[in-house]
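Chains, contacts and geometry: an overview
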Amino acid sequence: MPSDPSPVNSDTLIEIDHVTFGYDASRTILNDVSLSFARGKVTAILGGSGCGKTTLLRLIGGVHAATKGTVRFDGEVVDPRNAEALFKLRRRLGMLFQFGALFTDLTVFENVAFPLREHTALSDEMIRDIVLMKLNAVGLRGAAPLRISQVSGGMARRVALARAISLDPEVIMYDEPFAGLDPISMGVAANLIRTLNDTTGATSLMVSHDVQECFAICDHAYLLSSQGRVVAHGTPAELNASEHPEVRQFIRGEPDGPVRFHYPAKPLAEELGLRA
Ligand SMILES: Nc1ncnc2c1ncn2[C@@H]1O[C@H](COP(=O)(O)OP(=O)(O)OP(=O)(O)O)[C@@H](O)[C@H]1O
Ligand SMILES: [Mg+2]
């Protein structure tokens, strides 16, 4: 047994340590969660809509500060008040946003070039080569001159992916990479995430409610409950074999089980002013 009690080991790149967070004091979104993300691996964060998955990515990116607990990146505590450290951290992170966040009036090429122009002093020629390489990696080199308004939703996701990897980030965070994709594009996107992870040596975090697509490519997965707690984690095989009712409900997509469908609200009769 190792005698060092430190939870951080060199295989861990990002550590969420007993983190509690709410956007306001009235509601806790993440409730004492601990997760760790291993270097060079693909880790999935699964959970129903509104359970706090995107929120967790925001805490890693230093957008918000945890109410309790710490987020560590490569051993250093992420502190949203330290602008200089945050800038350095974000240079190491690539983010595929849930809602694309592309510039719709710019071309595919210019969207991917944007972070390179913002963060580097590379020549136009170098930027051109990098952009074309990144677009090639997602199969869209031929679409470089198109405006975003001229590409399909699935193509736009791939443009966003090319932009997320434009600065060769050490960590790529994918927020719902499969949302709105047809089954074939979904498989393509999943393979792309795995291939990019393995060829660039990056560490990948993938947030999704698409269990089977995630399980096909991830090394490890965490399942968050609607109360913002970690219900279970393990390899896809371990989670598939789990007897835990919430894990089973989520993995099999069963409508009945411990997970509730409704966002917290007053009883409907009360809201409508009806008397029981
Ligand atoms: N900026 C914000 N201010 C206040 N509340 C927020 C904010 N962003 C999210 N929330 C609330 O926090 C909760 C978690 O939101 P979050 O976006 O993290 O969920 P999610 O797990 O990513 O859901 P989905 O799968 O639908 O994307 C939700 O109840 C949401 O209403
Ligand atoms: Mg989300």
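If you're wondering where the values come from, they're calculated on a predicted model, not measured in any experiment.

The rules behind the values
- Residues numbered from 1 in each chain as written.
- Chains lettered and ligands numbered in written order.
- Predicted model: local features only at pLDDT ≥ 70, side-chain atom pairs only at ≥ 80, totals over all residues.
- Heavy atoms only, no water.
- Helix = DSSP H or I, 4+ residues; strand = E, 2+ residues; numbered from the N terminus.
- Buried < 20%, exposed > 50% of the residue type's maximum accessible area, 1.4 Å probe, protein only.
- Near = heavy atom within 4 Å.
- Polar contact = N/O pair within 3.5 Å; in protein donor to acceptor, adjacent residues only side chain to side chain.
- Areas by Shrake-Rupley, 256 points an atom, 1.4 Å probe, with all protein chains shown as cover.
- Lys, Arg positive; Asp, Glu negative; His and termini not counted.
- Salt bridge = Lys/Arg side-chain N within 4 Å of Asp/Glu carboxyl O.
- Contact = heavy atoms within 4.5 Å.
- 1 Å grid on protein atoms, 1.4 Å probe; cavity = no way out; pocket = protein on both sides within 12 Å on 5 of 7 lines; lining within 4 Å.
- Points joined across faces, edges and corners; volume = space filled by probe spheres on them.
- Nonpolar A, V, L, I, M, F, W, Y, C, P; charged D, E, K, R; others polar.

Some points on the environment of A113
Following the sequence through the fold, A113 ends up in helix α3 (residues 108–119). For A113, a relative accessible area of 0% corresponds to the buried category. In this structure, the C-alpha to C-alpha distance between A113 and V131, residues 18 residues apart in sequence, is 6.0 Å.

Overview of the site of ligand 1
Ligand 1 sits among 16 residues. The nearest are S49, G50, K53, T54 and T55. Interatomic distance of 3.0 Å between a backbone N/O atom of G52 and an oxygen atom of ligand 1. Here a nitrogen atom of ligand 1 sits 3.3 Å away from a polar atom, N or O, in the side chain of R58. Within the complex, the protein chains bury 69% of what would otherwise be the 640 Å² of accessible surface of ligand 1.

What to know about the side chain of K53
Examined against the element boundaries, K53 turns out to sit in helix α1 (residues 53–60). Of the buried charged residues, K53 lacks a salt bridge, with E176 as the closest side chain of opposite charge at 4.3 Å. In contact with K53, other than residues within four places in its own chain, are I45, L46, G47, G48, E176, V207, S208, H209 and L224.

With respect to the layout of surface pockets
Computed from the structure, the second largest pocket encloses a volume of approximately 690 Å³. Forming the walls of the second largest pocket are 26 residues, and the residues nearest its centre are L93, G94, M95, F97 and R163. Sorting the residues of the lining of the second largest pocket by element identifies α1, α2 (83–91), β6 (93–96), α3, α5 (153–164) and β7 (171–175) as the ones contributing at least two each. Counting residues per element, the lining of the second largest pocket draws most heavily on α3, which supplies four residues. A class-by-class count of the residues in the lining of the second largest pocket yields 14 nonpolar, six polar and six charged.

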